[in-house]
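Structure at a glance
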Amino acid sequence: MTQYNPKNIEETLKRMEKADELKSIHRSGTNIMSFFDDNDKEHELQKQQSLAEVKRDEYLKSVKLLKTLIQENGTKDDLTRITAIGLLIESTDFLNMPPDRKKMLKENMIWCNSQYEKYTDEN
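Now for a quick tour of the structure. (Residues numbered from 1 in each chain as written. Predicted model: local features only at pLDDT ≥ 70, side-chain atom pairs only at ≥ 80, totals over all residues. Heavy atoms only, no water.)

1. Comments concerning a nonpolar patch on the surface
Note the threshold: Surface patches are defined over residues having more than 30% relative accessible area and no salt bridge, joining like charges when they lie within 9 Å and nonpolar side chains (Val, Leu, Ile, Met, Phe, Trp, Tyr) when within 5 Å. Note that accessible areas follow from Shrake-Rupley with a 1.4 Å probe, and for residues the cover is restricted to the protein chains shown. Whenever a carboxyl oxygen of Asp or Glu lies within 4 Å of a side-chain nitrogen of Lys or Arg, that contact is scored as a salt bridge. Helix and strand definitions follow DSSP, with helices as H or I runs of at least four residues and strands as E runs of at least two, each counted in order from the N terminus. Buried means the residue's accessible area, taken with a 1.4 Å probe over protein chains only, is under 20% of the maximum for its type, while exposed means over 50%, and partly exposed covers the values in between.
A cluster of nonpolar residues, Ile9, Leu13 and Met16, forms a patch on the protein surface that exposes about 280 Å² of accessible area. Among the secondary structure elements, Leu13 is positioned in helix α1 (residues 6–23). The class for Leu13 is partly exposed, based on a relative accessible area of 41%.

This is how it looks when you write it as structure tokens:
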């Protein structure tokens, strides 16, 4: 009959206990693929933020151009409104825009387009 070394039995029991402890660790947080998933989500969010900033910058550029035209040929009321629209654009979070703000912005950009046509037709 084979005799077991008590030291080996102790080491084996310790390894088994350690294996049980490792099994209790939640693996999805330690999975290497979860790192890449998180990285992809962060990259997508950065991409959306960049697109939102580009859109806001384009709107601001258009409003500044119209503001210059209005300052040269427009009324004080139009100048006040275009300034307010510029402030609206600057204060809007284009990434998380609520529907009411989106509607308000759209209506104001339609007004801007009509004013741009009006002032470029006069020149």
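2. A word on the side chain of Asp78
Stated precisely, the cut-off is as follows: Residues are treated as being in contact if the distance between any of their heavy atoms lies within 4.5 Å.
Tracing the backbone shows Asp78 in helix α3 (residues 76–91). Overall, Asp78 belongs to the buried group, its relative accessible area being 13%. Those residues within four positions of Asp78 in sequence are excluded, and the remaining contacts are Ile70, Trp111, Gln115, Lys118 and Tyr119.

3. Observations regarding a negative patch on the surface
So the rule is basically this: Charge assignment in this entry is limited to Lys and Arg as positive and Asp and Glu as negative, and neither His nor the chain termini are counted. Taken as the charge centre is NZ of Lys, CZ of Arg, CG of Asp or CD of Glu, depending on the residue.
Together, Asp37, Asp38, Asp40, Glu42 and Glu44 make up a negatively charged patch on the protein surface. Within the secondary structure layout, Asp40 lies in helix α2 (residues 32–73).

4. With respect to the environment of Leu66
Along the chain, Leu66 turns up in helix α2. Residue contacts for Leu66: discarding those within four places in its chain leaves Ile82, Cys112, Gln115, Tyr116 and Tyr119.

5. Quick look at α3
Short version of the rule: Expected span of a helix: the number of residues minus one, times 1.5 Å. Relevant arc is that of directions from the helix axis to the C-beta atoms, nothing else.
Its 16 residues place the ends of α3 23 Å apart at the C-alpha level, agreeing with the 22 Å of an ideal helix rising 1.5 Å per residue. Burial in α3 covers these residues: Asp78, Ile82, Ile85, Gly86, Leu88 and Ile89. Projected down its long axis, α3 shows its buried positions confined to an angular sector of 160°, all on one face. Opposite the buried face of α3, at more than 90 degrees from it, the exposed residues are Lys76, Asp77, Leu87 and Ser91.

6. What about the packing of aromatic side chains?
Under the convention used in this document: The aromatic pairing rule takes the rings of Phe, Tyr and Trp, using the six-membered ring of Trp, and pairs them if the centres are within 6.5 Å, calling planes under 30 degrees apart stacked, those over 60 edge-to-face and the rest tilted.
As enumerated under the stated definition, the model contains one aromatic pair in all. Both rings, one in Tyr59 and one in Phe94, keep their centres 5.7 Å apart while their planes meet at 65°; by these two values the pair is edge-to-face. Note that Tyr59 is positioned in helix α2 and Phe94 in the loop between α3 and α4 (99–122), a separation of 35 residues in sequence. Looking at Tyr59, the relative accessible area reads 23%, which means it is partly exposed. A relative accessible area of 12% places Phe94 in the buried class.

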